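Report on the structure
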Amino acid sequence: MQPPPRKVKESQQVKLLFSEQLSKLQCKQHQDTELLEEIRSFSKQRAAIEKEYAQALQRLAIQYQKRDWQRGNTDTVISGSVFGVWRSVVDATAQTAASRLTAAEEYRRLFGHASKSIHNAKEIHAKRVLEQLQRVQGEVVDALRELHRVKKNYHHLSHIASVAREKAADAQTRTRKSEHGIFHFKSGQHKMTAKLSARLKECEDRLNEARNEYLLTLAAVNSHHQHYHTEDLPLLMEQMDRDVYDDLRHHFTRLCGTEMDTCLASHKQFSKIKDGVAKVTRERNVQQFLQESISFTRTSDFIFQPALRDVTTALQDIQDSEGESCLVKEAKKWAAKAAKDYKIATHGERALDVLESRRKLLSGETGLSVEQKITEVQETVRKAKVGVR
């Protein structure tokens, strides 16, 4: 059979509870200040990183902004010019660098707002509040000690009254049994009974006083204990937290807002460029190139330049001794050449179709060989078509 559980004083139980509360609040305070310190350190490092990144972007953008921009005008991004789009990308990079520098400055200000001195002030304030909490807890523990003393006195007097009650009852029993005894014996029994009854009344009066004191003290301690949990503890916790959560909310808001503003600025710039990229086509850029390059638009034909003292500038049909004119012979020669070129071009196109089919099925060196052959045939077809014209 196990021994009954050991009774623990109320003051000891409450002291353990108060000790745990104090430890938890100290841990919470440490975590809050540690979080503020992490935000401070993060903001400091982020400011340095953003500044370094922004300066690197600036150097990169300036390097390309110094290039010859005669290849494209500022508004050519709208018309689909590749040079205009490229210039817009470089300019947007420079603007992004400026946004990042602004973000770096904002992170630097946030680092200053979460300075070490603010953390130290919060820790000093929290230390004072915790010391006050310990004093308030000490008052409750002292009240419980007083309650324990009153309770102990009550139980002690209850025990004395119980013993007196038993002795008085025994005396009355013996008095009833000795009713037929000798006179002096009965007189002694009555005196003893009266004495024990008086002692019992005295003990019960003292017990009533002790019980009343115990009950009133218990009510006062319970009220004190309740006031500690409903008034003192919440107020001291609020005083210890002070404005830490307002600071944290402010820091988080600025962190998120800074990053969002920077990203939105870049998003806005590059979204506009992306819309312009959709207009980039070969036809538009070649047309612009041809408009800017006059040499490609000069399509004048070459003219006949007669020899000195030759006044004839048109074809002449003169028959030779065999009865065939020189013009007909020249025409036959060109016709034969055109027919030959046409035959070469037609045959070459059919060969290209076959080679293209083979290339899709081959790979490696064999595929490269077929591609080389396709290139040779394409060149032959090109020359033949020139002759046909």
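Just so you know, these numbers come straight off a predicted model, no measurement behind them. Numbers given for residues are sequential positions, taken from 1 along each chain in its written order. In view of the model being predicted, local features appear only for residues whose pLDDT reaches at least 70, and side-chain atom pairs are presented and counted only at 80 or more, with totals across whole chains, interfaces and linings using the full set of residues. Side-chain measures were taken over the full set of non-hydrogen atoms in the model, leaving aside hydrogen atoms and water.

Counted at 1.5 Å a residue, the expected span for helix α6 (residues 244-277) with its 34 residues is 50 Å, and the 49 Å between its end C-alpha atoms agrees. Any residue under 20% of the maximum accessible area for its type is buried, any over 50% is exposed, and the rest in between are partly exposed; the area is computed with a 1.4 Å probe on protein chains only. Secondary structure follows DSSP: runs of H or I at least 4 residues long count as helices, runs of E at least 2 residues long count as strands, and numbering of each begins at the N terminus. Here α6 has its buried residues at Val 244, Asp 247, Leu 248, His 251, Arg 254, Leu 255, Thr 258, Thr 262, Ser 266, Gln 269, Ile 273 and Gly 276. Each helix should span, by expectation, one fewer than its residue count multiplied by 1.5 Å.

Let us look at the packing of helix α1 (residues 10-65) against α6. Axes are the key here: two packed helices are described by the angle between their axes and the distance separating the axes. Every angle, taken between N-to-C directions, lies between 0 and 180 degrees, and every axis is a line fitted to C-alpha atoms, over only the stretch in contact when it is a helix. Across the interface, α1 lies against α6 with an axial gap of 11 Å and an inter-helix angle of 25°. Classified by the interaxial angle, the pair formed by α1 and α6 is roughly parallel. Where α1 crosses over α6, the two elements pack in a sense that is left-handed. Listed contacts from α6 to Lys 28, Asp 32, Leu 35, Leu 36, Ile 39, Phe 42, Ser 43, Arg 46 and Glu 50 of α1 are Val 244, Tyr 245, Leu 248, His 251, Phe 252, Leu 255 and Glu 259. All residues other than Ala, Val, Leu, Ile, Met, Phe, Trp, Tyr, Cys, Pro, Asp, Glu, Lys and Arg, Gly among them, are scored as polar; the first ten of these are nonpolar and the last four charged. Residue composition of the contact of α1 with α6, by class: nine nonpolar, two polar and five charged. Orientation labels follow simple angle bins: below 35 degrees gives roughly parallel, above 145 gives roughly antiparallel, 65 to 115 gives roughly perpendicular, and whatever is left gives oblique. Rotating anticlockwise by less than a right angle from the far helix to the near helix defines a left-handed crossing, while the corresponding clockwise rotation defines a right-handed one. Whether two residues are in contact is decided by their heavy atoms: any pair within 4.5 Å suffices.

Next up on the list: the nonpolar core. Buried Ala, Val, Leu, Ile, Met, Phe, Trp, Tyr and Cys residues form a nonpolar core when they are joined through side-chain atoms within 4.5 Å. Residues Leu 133 and Tyr 228 are the most contacted members of the largest nonpolar core, which totals 32 residues. For this core, the secondary-structure elements that each account for two or more residues are α1, α4 (116-177) and α5 (183-241). The biggest single contributor to this core is α4, with 17 residues.

Another aspect to go through is the environment of Phe 42. Secondary-structure assignment places Phe 42 in helix α1. Note: C-alpha distance between Phe 42 and Phe 111 (69 residues apart in sequence) is 8.1 Å.

The predictor reports its confidence for every residue as pLDDT, a score running from 0 up to 100. With 88% of its residues at a pLDDT of 70 or more, the chain has an overall mean of 83. Averaged pLDDT values over the elements of the chain bottom out at 53 in helix α2 (residues 76-79) and peak at 90 in α1.

A few words now on the packing of aromatic side chains. Aromatic pairing here means that ring centres of Phe, Tyr or Trp (its six-membered ring) are within 6.5 Å. Orientation follows from the plane angle: under 30 degrees is stacked, over 60 is edge-to-face, and everything else is tilted. A complete count under the given rule lists three aromatic pairs for this structure. Judged by centre distance (4.6 Å) and plane angle (50°), the ring pair of Phe 18 and Tyr 228 falls under tilted. A residue pair is termed long-range when its members are at least 10 positions apart, and Phe 18 in helix α1 and Tyr 228 in helix α5 qualify at 210 residues. An identical accessibility class is assigned to Phe 18 and Tyr 228; each is buried. Geometrically, the ring pair formed by Tyr 154 and Tyr 214 is stacked, given 5.4 Å between the ring centres and 20° between the ring planes. Of this pair, Tyr 154 sits in helix α4 while Tyr 214 is found in helix α5, placing the two residues 60 residues apart along the sequence. Since its relative accessible area comes to 15%, Tyr 214 is described here as buried.

Moving on: the pattern of salt bridges. Any carboxyl oxygen of Asp or Glu within 4 Å of a side-chain nitrogen of Lys or Arg constitutes a salt bridge here. For the structure on display, the rule yields 26 salt bridges. Lys 28 serves as the salt-bridge partner of Asp 32, at 3.2 Å between the closest nitrogen and oxygen. In this pair, Asp 32 and Lys 28 both sit in helix α1, four residues apart, roughly one turn of the helix. Connected via shared salt-bridge partners are Glu 105, Glu 106, Arg 108, Arg 109 and Arg 254.

Let us now look at helix α3 (residues 82-113). Across its 32 residues, α3 extends 46 Å between first and last C-alpha, which sits within 8% of the 46 Å expected from 1.5 Å per residue. Here a polar contact means two N or O atoms within 3.5 Å. Within protein one must be a hydrogen donor candidate and the other an acceptor candidate, and residues neighboring in sequence count only if both atoms are side-chain atoms. With a side-chain oxygen positioned 3.3 Å from the backbone nitrogen of Phe 83, the residue opening α3 is Ser 81.

In this structure, Arg 242 is a non-glycine residue whose phi angle is positive, near 55°. Tracing the backbone through its elements, the reader meets Arg 242 in the loop between α5 and α6. In this structure, Arg 309 takes a positive phi of about 70° despite not being glycine. You can call Arg 309 exposed: its relative accessible area is 76%.

In this structure, Ser 88 sits in helix α3. A distance of 2.9 Å separates a polar side-chain atom of Ser 88 from the backbone oxygen of Gly 84.

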